[in-house]
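Commentary on secondary and tertiary structure
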Amino acid sequence: MSAADKLLEVRNLKAHFPTSRGKVNAINHVSFSINKGEIVALVGESGSGKSVTALSIMGLNAPTIKYEKESVISFKGSNLLEMKKKQMKKIRGNEISMIFQDPLSSLNPLHPIGRQIAEPIQLHQGISYKEAQHTVIQLLNKVGIPDPESRLHDYPHQLSGGMRQRIMIAMALACNPSLLIADEPTTALDVTIQAQILNVMRGLQKETGVSILLITHDLGVVAETADRVLVMYCGEIVEEGDVYSIFQNPQHPYTKGLLASVPKLRGDSEKRLNAIPGAVPNPLELPKGCNFYERCSFATAECRVHSPSLTEGIDNHKVACFNPLKEQSEEVSHYA
């Protein structure tokens, strides 16, 4: 795609938290883009920097976080990191919206859901609640809430987990944003409700053309939903590619380890799951070379000393590895 198709471009995003023990590097030289109408999945273990990246785009990270000067988050040609709070307030919830992973704690227990969905519409369009009601009812219909007129007056505690997540989606889409960030949108839901929520999101994406950054650790969700995948480890993007090439031919040992650790639908049910050996390094004591060195069975002396950069290979597949895997992965064939 051309530069005109790029909705969001993150370049050299580097951020750290200052602590009494030193700097904690949250994200390190992260670069990626999201095109118009595209669903991009950002995957990785807990603590890999996924949510910090998302909150950086939204301008919602704690004030203590520090960004390096070369960091750029370009949205429609403007650097979000250079915007003043008043400017960012006009974009947040209007042009860029976010679905948080825990709808119960994200929704206000003291206000009915109709009022909460209407709030961003009133704020950004300058209209009254009565004028916004029609749009709210339409949104509730779109996300599959039955009898939306009567549900306007319900409080969050009166709704199931799946319905609360639908309300969060309705709130996020209230102002027809160009970019929707979904942070673990199905984590607390059972499998059936997860499928329903994903269907709602896919349907709305096709209908509205909204771009989606989907943050998840659930590779099944990624396989079903995403166009392109970013794999994150220790605050860095270690692999990037379209969803088919990532699942059928992962080139980074970490990506292959993640895919191999997923329970298979067929095969020996008594066989132990594969696990990536070792543990994620302490962010205060990151190794000099590749962050995955201690856990990697393909590591060499070069990996201990130098950190690989994200390099583009065949079919726009990028990998940050000195010894990328070449063979097709048999472990993930159950996704095909």
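Everything numeric here is computed off the predicted structure, so don't read it as measured data. (Residues numbered from 1 in each chain as written. Predicted model: local features only at pLDDT ≥ 70, side-chain atom pairs only at ≥ 80, totals over all residues. Heavy atoms only, no water.)

Next up on the list: the packing of aromatic side chains. As enumerated under the stated definition, the model contains three aromatic pairs in all. Seen from their ring centres, Tyr 233 and Phe 292 are 5.3 Å apart, and the 85° between their planes marks the pair as edge-to-face. Here the residue Tyr 233 occupies a position in strand E10 (residues 228-233), and Phe 292 occupies one in the loop between helix H11 (253-260) and helix H12 (301-305), the gap between them amounting to 59 residues. Each member of the pair Tyr 233 and Phe 292 is classed as buried. (Phe/Tyr/Trp six-rings, centres within 6.5 Å; stacked < 30°, edge-to-face > 60°. Helix = DSSP H or I, 4+ residues; strand = E, 2+ residues; numbered from the N terminus. Buried < 20%, exposed > 50% of the residue type's maximum accessible area, 1.4 Å probe, protein only.)

Next up on the list: the UniProt feature "domain: ABC transporter" (unreviewed entry) in the chain. Sites flagged by UniProt as "domain: ABC transporter" (unreviewed entry) map to residues 8-259. Secondary structure across residues 8-259 comprises 40% helix and 27% strand; the distance between its end C-alpha atoms is 28 Å. (UniProt positions renumbered as here; feature names shortened; annotations may be inferred.)

It is worth spelling out empty space enclosed by the protein at this point. As enumerated under the stated definition, the model contains three cavities of 30 Å³ or more in all. The calculated volume of the largest cavity comes to roughly 90 Å³. Looking at the lining of the largest cavity residue by residue, the classes come out as twelve nonpolar, two polar and no charged. In this model, the second largest cavity occupies a volume close to 70 Å³. Contributing to the lining of the second largest cavity are Tyr 233, Glu 236, Val 238, His 252, Cys 290, Asn 291, Phe 292, Ser 307, Pro 308 and Ala 320. A per-class count over the lining of the second largest cavity returns six nonpolar, three polar and one charged. (1 Å grid on protein atoms, 1.4 Å probe; cavity = no way out; pocket = protein on both sides within 12 Å on 5 of 7 lines; lining within 4 Å. Points joined across faces, edges and corners; volume = space filled by probe spheres on them. Nonpolar A, V, L, I, M, F, W, Y, C, P; charged D, E, K, R; others polar.)

Tracing the backbone through its elements, the reader meets Gln 248 in helix H10 (residues 243-248). Between the alpha carbons of Gln 248 and Leu 259 there is a distance of 9.8 Å; along the sequence they are eleven residues apart.

The next subject is the sheet that holds E10. In a beta sheet, neighbouring strands are held together by backbone hydrogen bonds and run either parallel or antiparallel to one another. Overall, mixed pairing links the eight strands, which are arranged E7-E8-E9-E3-E10-E11-E13-E12 in an open sheet. Both outer strands of the open sheet, strand E7 (96-99) and strand E12 (311-312), are each paired with one neighbouring strand and no more. Across four bridges, the pairing between E7 and strand E8 (residues 179-183) is parallel. Within E8, the residue paired with Ile 96 across the bridge is Leu 179. Packed on one face of the sheet, helix H7 (residues 161-172) meets E7 and E8 and runs near 175° to E7. (Pairing = 2+ DSSP bridges. Contact = heavy atoms within 4.5 Å. Axes fitted to C-alpha atoms, helices over the stretch in contact; angles between N-to-C directions.)

Where empty space is left becomes clear once a probe the size of a water molecule has been rolled over the atoms. By volume, the largest pocket is sized at about 550 Å³. In terms of residue count, helix H4 (residues 113-125) provides more of the lining of the largest pocket than any other element does, six residues in total. The class makeup of the residues in the lining of the largest pocket is nine nonpolar, seven polar and four charged.

A few words on helix H8 (residues 191-208). The terminal C-alpha atoms of H8 lie 26 Å apart, and with 18 residues this matches the ideal 26 Å at 1.5 Å per residue to within 8%. Among the residues of H8, those classed as buried are Gln 194, Ile 197, Leu 198, Val 200, Met 201, Arg 202, Leu 204 and Gln 205. Close packing links the buried residues of H8 with strand E3 (39-43), helix H5 (129-142), H7, E8, strand E9 (211-216) and helix H9 (219-225). Measuring from the side-chain oxygen of the N-cap residue of H8 to the backbone nitrogen of Thr 192 gives 3.1 Å; that N-cap residue is Asp 190. Just downstream of H8, Gly 209 is the residue with a positive phi angle, here 75°. (Expected span 1.5 Å × (residues − 1). Polar contact = N/O pair within 3.5 Å; in protein donor to acceptor, adjacent residues only side chain to side chain.)

A complete count under the given rule lists nine salt bridges for this structure. For the salt bridge of Glu 224 with Arg 202, the shortest nitrogen-to-oxygen distance reads 3.7 Å. With Glu 224 in helix H9 and Arg 202 in helix H8, the pair connects residues that are 22 residues apart, well separated along the chain. Overall, the relative accessible area of 51% leaves Glu 224 in the exposed class. (Salt bridge = Lys/Arg side-chain N within 4 Å of Asp/Glu carboxyl O.)

Per-residue confidence for the chain gives a mean pLDDT of 89; residues scoring 70 or more make up 93%. No element of the chain has a lower mean pLDDT than helix H3 (residues 103-106), at 80, and none a higher one than strand E5 (residues 72-75), at 97. In the predicted structure, residues 328-336 sits below a pLDDT of 50 and forms 25 contacts with residues beyond four places in sequence or in another chain. (pLDDT = per-residue confidence, 0-100.)

Remark: H4 packs on H5, axes separated minimally by 9 Å, with the N-to-C direction vectors making an angle of 110°. In terms of axis orientation, H4 runs roughly perpendicular to H5. Pair H4 / H5 crosses with right-handed handedness. Along the contact surface, H4 presents Ile 113, Gly 114, Arg 115, Ile 117, Ala 118, Ile 121 and Gln 122, while H5 presents Tyr 129, Ala 132, Thr 135, Val 136, Leu 139 and Leu 140. Tallied by class, residues from the contact of H4 with H5 come to nine nonpolar, three polar and one charged. (Parallel < 35°, antiparallel > 145°, perpendicular 65-115°, else oblique. Left-handed = near helix turned anticlockwise from the far one by under 90°.)

Over its twelve residues, H7 extends 17 Å from the first C-alpha to the last, a length consistent with the 16 Å expected when each residue adds 1.5 Å. The element H7 is largely enclosed, with a buried count of ten among its twelve residues. The set of residues buried in H7 consists of Gly 162, Met 163, Arg 164, Gln 165, Arg 166, Ile 167, Met 168, Ile 169, Ala 170 and Ala 172.

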